[in-house]
Amino acid sequence: MAPATDPERTVYIAGAGIAGLTLALCLAKFGFTVVVLEREKAPLPFGAGLQISSNARYILNLLGLDKAVSRASFEPEALDIYPFGRPTPIQSLRFGQTALRRYGVPYATMHRADLAEVLLTAAKQHTSIALYYGVGDTEIVEHSLGISAQVQLADHTLRTVRPFAFIGADGVHSHTRTRLLNGPPARYTGLVAWRALVPRGVLENLVAPDRTSLMFGPGTHIVIYPLPAHEKFNVVMFTKVAKKHLGDAKRMGHPRLDRYYVRRCELVRTLFSAIGDNWTTWPLNAVQTDTWYRGPVGLIGDAAHAMLPFQAQGAAMAIEDAALLASELHRAAKPHTAFSRYEALRRPRVERVARISARNGTIFHLPGPLCYARDRVVAGRNPVTHFSSLDWLYAYDPFGVAKNTS
C-alpha cells in the first residue's frame, strides 16, 4: 500500500464509484495524497444511464474533464413529456442551448459506466492517487492523535495506516455508515426501477432521438434518453413493488403493469416486446442518518443521503459533496472541523433535493382524475423559462458557497 508519507495530508476513501473518484480528484487538486479502497476486485462496467446537470458538469469541468465527458455524453435538446396513452408530447421543456446560455455549461446524459471510466482514467494519471481493489474490511481506531485504520488488502495482508481523514463513499449500503459510524441501514422505498438498454432503431418514430422523454402512466412512469456512444436508448420504468415481493419481481424479469395501459400505449408494447424478461431490477433505497461524521470519519454521496431519483440528482449531489468536502478539508486544521462545516452547508441542500424528488414521484404517479389536472399544469408551462425556478439547483457553486460562509 502506498505509504502515508505525510499523514497530515493523506486521506483514505472507501469506494471507487462516482462519489469516491470525484472526491479523490478534488483532493488531489488541493495537494492531498489519496488512497481509494474498493471492495470489488476490479472496476465493474455496470449500471444504467444518468443525467449530468449543469451543477455537476461545472465541477467536472473544473477537474479538467470537459472534453472527456463531452466525448462520452449527449446533450438532449429538450425534455418531451407524454401523458397516459398519448403518442405526442404535451410539453417540450428546452434543455440544450437554453441550459448552456443560462448556466455556461451543458446539461447532458451519459452511461454511468462511461462517467466512472472518465473519472478512473483521470485518477490513474495522478501520482498522488492510489487505487486498491479487492479490499476487505477496514477497522478504525480513534485515539488522541486522530485515527488509525487497519485495511485488509486483496492478498489478505493487513496494513495499519494513520490518515488525516477516512471518508465513506461506499454507497447506499455503506459499511462506513453502518459499521464505523453505527448509522442506520438503508430504507426500501417501495419502488423499483426496471432498467434496460434498447437499440435506437427499436424506438424509431416513437420518441425523438435528440431528446429525453418522460411518460406518465397508471402507477408508473418511464424515462428514456439517448446514449449515442452506445447507439442505444436508456430506458427506466418505475413501479411499486411490496418488499415481500421483491424476489418475485427479480425472477419475473419484467415490470407488471395494468393491462389496459399496455394495450393503450404503443411505446410500452414495443418496449415489452424488445426487452422481454431482460430488464434489470434496481430497488430504490433511501438513506436518512443523523450522523454524517464522527471525528475524522465522514460520509459523502449515497452513503450519507441516498434519495429517490425523480429529480435526476443522485450523481450530481455526490459530485457536489466531493467538491465542497475537499475544499473544507484543505482549509481546516482538523478533519472534524471540515466535516462539521461540510454537513452544515450540504445537509439543507440535499434534504431539499430529496423532498423535491419524493414530491415528483407522487406527481408522476397521480391517479385519475388528479392526473388530468397535472397534465394541464405541465402543458401550460413555459418551455423556455422553466429553468427560472431551478436556478438554486443548477447554478450551484460549492466553492462560492464555502467562501461566502467563511
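Source: prediction; values computed, not measured.

Undergrad: Just give me the short version of the sheet that holds strand β13 (residues 187–199), but keep the residues and values in it.
TA: Pairing is mixed across the open sheet formed by 7 strands, whose spatial order is β6-β5-β14-β15-β16-β13-β17. The outermost strands of the open sheet, each flanked by one partner alone, are β6 (91–94) and β17 (280–286). Strand-to-strand twist of the sheet, defined as the mean angle between neighbouring strand axes without regard to direction, takes the value 20 degrees. Two strands pair when backbone bridges link them, and strand β15 (residues 220–227) and strand β16 (residues 232–240) are joined in this way by 8 bridges, in the antiparallel orientation. The partner of Ile-222 across the bridge, within β16, is Met-237. Sitting on the sheet, helix α9 (residues 266–275) is in contact with β13, β14 (212–217), β15 and β16, with an inclination near 65 degrees to β15.

Undergrad: Can you lay out the side chain of Arg-347 for me, pointing to particular residues and giving the numbers?
TA: Looking at where Arg-347 falls in the secondary structure, it is placed in helix α12 (residues 335–364). Within polar-contact distance, the side chain of Arg-347 engages the backbone oxygen of Asp-290 at 3.5 Å. Look past the residues within four positions of Arg-347 in its chain and what remains in contact with it is Thr-289, Asp-290, Thr-291 and Trp-292.

Undergrad: A description of the pairing of strand β1 (residues 10–14) should follow, citing residues and the corresponding values.
TA: Of all the 5 residues making up β1, 5 are buried; the element is thus mostly covered by neighbouring parts of the structure. Going residue by residue along β1, you find Thr-10, Tyr-12 and Ala-14 tucked away on one face and Val-11 and Ile-13 tucked away on the opposite face as well. The pairing of β1 with strand β2 (residues 33–38) spans 5 bridges and is classified as parallel. Its bridge partner lying in β2, Ala-14 is registered against Leu-37. With helix α1 (residues 18–29) bridging β1 and the parallel β2, this β-α-β connection has right-handed handedness. Across 4 bridges, the pairing between β1 and strand β12 (residues 165–168) is parallel. Residue Ile-13 lies in a different strand from β12, and its bridge partner there is Ile-167.

Conventions used here
Residues numbered from 1 in each chain as written. Predicted model: local features only at pLDDT ≥ 70, side-chain atom pairs only at ≥ 80, totals over all residues. Heavy atoms only, no water. Pairing = 2+ DSSP bridges. Helix = DSSP H or I, 4+ residues; strand = E, 2+ residues; numbered from the N terminus. Axes fitted to C-alpha atoms, helices over the stretch in contact; angles between N-to-C directions. Contact = heavy atoms within 4.5 Å. Polar contact = N/O pair within 3.5 Å; in protein donor to acceptor, adjacent residues only side chain to side chain. Buried < 20%, exposed > 50% of the residue type's maximum accessible area, 1.4 Å probe, protein only. Right-handed = clockwise from strand over helix to strand, strands pointing away.

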